[in-house]
Structure formats: structure tokens, C-alpha cells
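Spelled out from the first residue to the last, the chains are:
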Amino acid sequence: VGQPTEPHIAILPSPGMGHIIPLFQLAKRLVTHHRLRVTFLVITTADPVPAAQNNLLRSDAVPSGLRVVDLPPVDVSELLAGVPPGLTPLCVMVEHSLRRHLRPVLLGLDGVTAVVIDLFCTQAFEICGELSIPVYSFFTGSTALLAFSLYLPTLDRETEGEFVDLPEPVQVPGCRPVRTEDLLDQVRVRKSDEYKWFFLHVSRLYKAAGIFANTWKDLEPVTLLALKENPFFLNIPTPPVHPIGPVVKEEEPYTESDKEVLTWLDKQKPDSVLFVALGSGGTLSSKQLTELAFGLELSQQCFILVARTPNDATAMGTFYSAGGIEDDPIAYLPEGFVKRTEGVGLVVKSWAPQVAVLRHASTGGFLSHCGWNSTLESVLHGVPMITWPLYAEQRMNATQLAVEAGVAAKPTVEPWREVVGREEIERVVRAVMEGEEGKVIRRRAKELRDSARVALDSGGSSCDSLARVVKAWKLN
Ligand code: UDP
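Residues numbered from 1 in each chain as written. Predicted model: local features only at pLDDT ≥ 70, side-chain atom pairs only at ≥ 80, totals over all residues. Heavy atoms only, no water.

1. Overview of the overall build of the protein
Each helix and strand in the protein was counted, giving 18 helices and 13 strands. The C-alpha radius of gyration computed for the protein amounts to 22 Å, which stays within 12% of the reference 23 Å derived for 476 residues, consistent with globular compactness. For the C-alpha atoms alone, the extent of the protein along its principal axes is close to 70 × 55 × 50 Å. Counting every position in the protein, which comprises 476 residues, the buried fraction comes to 59%. Across the protein, contacts joining residues at least 24 apart in sequence account for 75% of those joining residues at least 6 apart. Carbon and sulfur atoms make up 53% of the accessible area of the protein, which totals about 19,900 Å². Within the protein, the 56 negative side-chain charges are centred at a point lying 5 Å from the centre of the 46 positive side-chain charges. (Helix = DSSP H or I, 4+ residues; strand = E, 2+ residues; numbered from the N terminus. Rg over C-alpha atoms; globule rule 2.2 N^0.38 Å. Buried < 20%, exposed > 50% of the residue type's maximum accessible area, 1.4 Å probe, protein only. Contact = heavy atoms within 4.5 Å. Areas by Shrake-Rupley, 256 points an atom, 1.4 Å probe, with all protein chains shown as cover. Lys, Arg positive; Asp, Glu negative; His and termini not counted. Charge placed at Lys NZ, Arg CZ, Asp CG, Glu CD.)

Written out as C-alpha cells, the structure is:
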């Protein structure tokens, strides 16, 4: 009898740093904590790979035992000509890549025990089914969104007209109601392609052998209980949900610009700096960026602003380029802003080492678009937030953070509805950085941080959840 070989797991994220980062972190965890072999499959197109993605996946810090393999590039540029940024282009890319390349690539790997995908790669269920390989889903959003997604086929069957026109919040059984204005962009217009793609993928979720949730019980107790107590959540067989979070980026190789940011932070006082960053894709309109700059200046607080060329047409201006083109912020920030705020503020072009910034003792607040990864990174480092939701499900996350978790302050004007003026920005920044509200949410953020550490530690709930699945893979 030969030596039993360690399970070999293939991990397949859809494009975008918000998917690649947490799935890559899971890959690292499986290799370093559980000694599994992992192949990380990357969907590629004819477009150049964003620098931030290369920096993460190609660095020397990738442990041995973890192999990064590019699927052959697909050219979807003609199909996507004129299609606005959003879920549709991402799904078209994935569809073409997986239909053509997933089967041969998996057959070329040596004995794959299981495949872990994110929500938008569900073509893998059929392809892996034919190869008798079980497929697990890693849900990169909140578990509240997961519950909503599992409920969507029922809601779709039972609702006439648009969900956003419903007179009451959407009540997912056992979960907190979702305000109709917080519903994610993809479900706002049911005839849209965005809806069709989202619906297609969520309606296949039940086929997963298990769903990894990027959360832990103290962050989303109500939703996790609802999913646990309803093994047949809403009359459909629901796969077991394994809360293994927070799964967030830990180490990152630093560029020269990153090092400058961290050196600047070293010189600031504890909890004194507000970090302003809108995920990998977020951009503001010219008018909003001007108001934000003046608001920061008026607040007289220290800040790091990750600046991107404004875009009046979409809030997802840099989604596929992860940070985007490095234009000179002097050209689009208010005249004299960089000079006037010198010493107090630091303007960084397009991309900052977010995790290292949030971990730094000088960072005391985070004005964030509330993407789920940013949310988890902030909570894990006990940093209170100011919510600035822009697209996708970020409004839902913002409400969850401000109203349920109590770790964030919301501006009184909602950024996705209208331009938030400089006085309101000044107010909310001061409230979080030096006001009573800030003290309360900072305390709560630190409590949640501690609970996250306990969950991840040996014997903690998230650590055990992952270990149980790994054990099942090893017995396979
Ligand atoms: N990120 C970063 N530097 C930046 C902007 C973003 O490292 O300047 C990382 C951030 O730490 C997070 C990810 O990019 O891990 C963004 O994911 P999130 O889910 O917050 O938002 P998305 O980009 O998917 O909208």
C-alpha cells in the first residue's frame, strides 16, 4: 500500500480582486495550516493583468505547495463592446473561459479531490459533475447576502413587479429584513442582464457540496442561526454552511509606494489617521471627489486618500484594472489641495496596502465603500468605519455595519443617492475620529476584533469549521 497522498484542492475565483484576494487567502491557509496541495486557477483574458493582481499572485511569498495556474486567455472584447461595467461582463468572461478550458485543465492536474469556486463560477458544477469531483462554494459576500441569494428563487416565484417597489422590506425567513433601497444593484431591474446572470448563479448554489461563509458567529449571529436551523432553508435542500471567516489578506509584498505610506503612518499618533479607500473598483464623480477633498480638509484630521481619476459615468470606474490608471491626482483634486494638506494628509495614487494600513496603530478610522473584504479587514483590525457604499451589495453591508454590528457611522446623505457635501463629510469624519459616536463604535469594533481572533485561533469556531471539511477531504 502506497503512502496516502494529501488531498489536492483546485480553487477557482472569478476575476476581480474582491474574489481573488479571499480565495487566495483560503488557498494559503489550506497549504500552510493543513498541508494540502492547492492549485489556484486564474481566469485570464486578452487584457493585461492588473499590477495589484500580479503583485499578489506572483510574489515570492507564495508558499510551496500552492501552484498558480492561468487558464488560457479568452478574447471576449467583441462580445463586450458597449456593455457597461458590472456583473454581466464578468460573467461573460467566466462563461467563455470555463466552458472552453476548465475540463481539460482539471484533467491535466493530478487527482483533484475537490474544487472550490466563488459564486460566479457555477459552470463548474456541471463540468466537475461529469468528472465526479465535488464542488464547494466560497461565498465572498456577507452571509446576509448568502441567505438572500438562497431565498431569491422563492422571492422571484412569489413576487410580481420589481422587488424595489415592494411596500415592505424583504423578509428572508429567520434573517433581518432587507430595506428595499439596500437591495443589491443586480436585483433592482428583473429584466436586466445583470439580474439574469445573478439569478442563474444563485439558483445553482444548492448544488454545492458545502458553502464556505466568510464570516463568524459574533459578526452575523442571526443569519448563521437561520441557516443552521433551516437545513432545508425555504424548501430547497441547502448545503451545509461552514463559517470560516474572517478570511482576509494577511501579508502582502510591498511596492516602493506602499513603503512610503507605511513610513508616513509610523510618524503619526495612535488612532489619528482616517484611511479613505473605495475598494478595487470604486471611483467618484468629479463633483463628489471635490466635496470629499474639501470635507477632509475642513475636518482637520490626518488622512490617507487613495485617489483615482473621477468618473461621472460609473462608480465602478476601475473595477477590472484594480486601482486603474495612475494619473496625477494634482490634476483632478481641488487646486492647491495637496499642498495645503501636506503633512496632515497623504494622497496615494490608485492603490494602497490596505491591510497593512488598517493594521497600523496610527489608523483610527476607515471611510470605505463597504465591500465585504474591506469590511472584514477593518473589523479584524478593530477600525471603526464611515460607510460610503457605491455599487453591488454595498448598501446592504453599510446598513448591517452601522445598524446591526454598530461598528460604522453613516453620513446623513447617502452617497449613492446624491452628492454628499463638504460640511456633512467634515461632520461625520470628526464624529468618528474625535467625537462620542467614534468612541462607541471604536469600542464595539475592538470587541468584534477580539471575537474574530478567538474564532480564528486554534479551537475557535472558524478554525474548527475549516478543519472539519479538511478532515472529510482527507478521508476521501
Ligand atoms: N485593496 C487594497 N488596496 C486598495 C484598494 C483595495 O489592497 O487601494 C484591497 C482590499 O484590501 C480588499 C480588496 O482590495 O481586500 C477589495 O475588496 P472589497 O470586497 O472590499 O471590494 P471590491 O473591490 O470587490 O468592490
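2. Overview of the sheet that holds strand β9 (residues 302-307)
In a beta sheet, neighbouring strands are held together by backbone hydrogen bonds and run either parallel or antiparallel to one another. Pairing within the open sheet is parallel, and its six strands lie in the order β10-β9-β8-β11-β12-β13. Edge positions in the sheet fall to β10 (345-349) and β13 (408-409), since each has one partner strand and no second. Alignment of strand β12 (residues 385-387) against β13, held across two bridges, turns out to be parallel. Residue pairing across strands places I386 opposite A409, the latter belonging to β13. (Pairing = 2+ DSSP bridges.)

3. A closer look at the site of the ligand
Residues in close proximity to the ligand total 19 residues, the closest being S280, A352, N373, S374 and E377. Note that an oxygen atom of the ligand is positioned 2.4 Å from one of the side-chain N or O atoms of S280. The contact in question runs from an oxygen atom of the ligand to an N or O atom on the side chain of Q354, over 3.3 Å. Burial of the ligand by the protein chains amounts to 96% of its free accessible area of 530 Å². Those elements that place two or more of their residues in the shell around the ligand are α1 (17-32) and α14 (372-380). Among the elements that make up the shell around the ligand, the one with the highest residue count is α14 (four residues). (Near = heavy atom within 4 Å. Polar contact = N/O pair within 3.5 Å; in protein donor to acceptor, adjacent residues only side chain to side chain.)

4. Considerations on the pairing of strand β1 (residues 8-12)
Most of β1 sits out of view: five of its five residues are buried. In terms of strand pairing, β1 meets strand β2 (residues 37-42) through four bridges, oriented parallel. Pairing of I11 across the sheet is with F40, part of β2. In this region the chain leaves β1, passes through α1 and returns to the parallel neighbour β2; the handedness of that crossover is right-handed. The pairing of β1 with strand β4 (residues 114-118) spans four bridges and is parallel. Bridge pairing links I9 to A114 in β4. (Right-handed = clockwise from strand over helix to strand, strands pointing away.)

5. Overview of the sheet that holds β4
Within the open sheet, the seven strands sit side by side as β3-β2-β1-β4-β5-β6-β7. Their pairing is parallel. Whereas interior strands pair on both sides, the edge strands pair on one side only; in this sheet they are β3 (66-70) and β7 (241-243). Looking at each pair of strands side by side, their axes are set apart by 25 degrees on average, direction ignored. The pairing of β4 with strand β5 (residues 135-139) spans four bridges and is classified as parallel. (Axes fitted to C-alpha atoms, helices over the stretch in contact; angles between N-to-C directions.)

6. Some words on the pattern of salt bridges
A full pass over the atoms with the stated rule returns 24 salt bridges. When the shortest N-O distance is used, the salt bridge between E404 and R176 registers 3.3 Å. Of the two residues, E404 sits in helix α15 (residues 394-405) while R176 sits in the loop between α6 (143-158) and α7 (193-202), which places them 228 residues apart along the sequence. Judged by relative accessible area, E404 falls into the partly exposed class, the value being 37%. (Salt bridge = Lys/Arg side-chain N within 4 Å of Asp/Glu carboxyl O.)

7. Quick word on helix α16 (residues 422-434)
Taking 1.5 Å as the rise per residue, α16 with 13 residues should run 18 Å; its terminal C-alpha atoms sit 18 Å apart, in good agreement. Within the span of α16, buried status applies to E424, I425, V428, V429, A431, V432 and M433. Summarising the contacts, the buried residues of α16 are in contact with β8 (273-277), α10 (286-299), β11 (363-368), β12, β13 and α17 (436-456). (Expected span 1.5 Å × (residues − 1).)

8. Points about the side chain of N373
Inspection of the secondary structure assignment puts N373 in helix α14. Within polar-contact distance, the side chain of N373 engages the backbone oxygen of G18 at 2.8 Å. For N373, the residues in contact, after removing those within four places along its chain, are G18, P22, N214 and V248.

9. What to know about the packing of aromatic side chains
Here the distance between the centres and the angle between the planes together describe a pair of aromatic rings. Within this structure, the stated rule accounts for nine aromatic pairs. Where F212 meets W473, the ring centres are 6.3 Å apart and the plane angle is 75 degrees; that geometry is what we call edge-to-face. Placement of the pair is F212 in strand β6 (residues 211-213) and W473 in helix α18 (residues 461-475), with a sequence separation of 261 residues. In terms of burial, F212 and W473 fall into one category: buried. Ring centres 5.8 Å apart and planes at 25 degrees place the aromatic pair F303 and F337 in the stacked group. Taken as a pair, F303 in strand β9 and F337 in helix α12 (residues 337-340) lie far apart in primary sequence, 34 residues in all. For the residue pair F303 and F337, the accessibility class agrees, reading buried in each case. Feature note: the residues Y136, F212 and W473 constitute an aromatic cluster, connected by ring pairs. Between the NZ or CZ atom of R395 and the centre of the ring of W416, over which it lies, the distance is 4.9 Å. (Phe/Tyr/Trp six-rings, centres within 6.5 Å; stacked < 30°, edge-to-face > 60°. Lys NZ or Arg CZ within 6 Å of the ring centre and 35° of its normal.)

10. Overview of the side chain of E377
Within the secondary structure, E377 is located in helix α14. Those residues in contact with E377 that lie beyond four places of it in its chain are V248, K249, Q354, V355 and L358.

11. Some thoughts on the nonpolar core
Core analysis: the biggest nonpolar cluster contains 60 residues, and L106 and F148 have the highest contact counts within it. Among the elements of the structure, β1, α4 (87-108), β4, α5 (123-130), β5, α6, α7 and α8 (221-229) are those that each provide at least two residues to this core. No other element matches α4, which puts ten residues into this core. Apart from residues lying up to four places away in sequence, F148 is in contact with L155, V170, V172, L183, L184, V187 and M396. Counting 35 residues, the second-largest nonpolar core is a separate cluster that includes L262, W264, L358 and A445. (Core = buried A, V, L, I, M, F, W, Y, C linked by side-chain atoms within 4.5 Å.)

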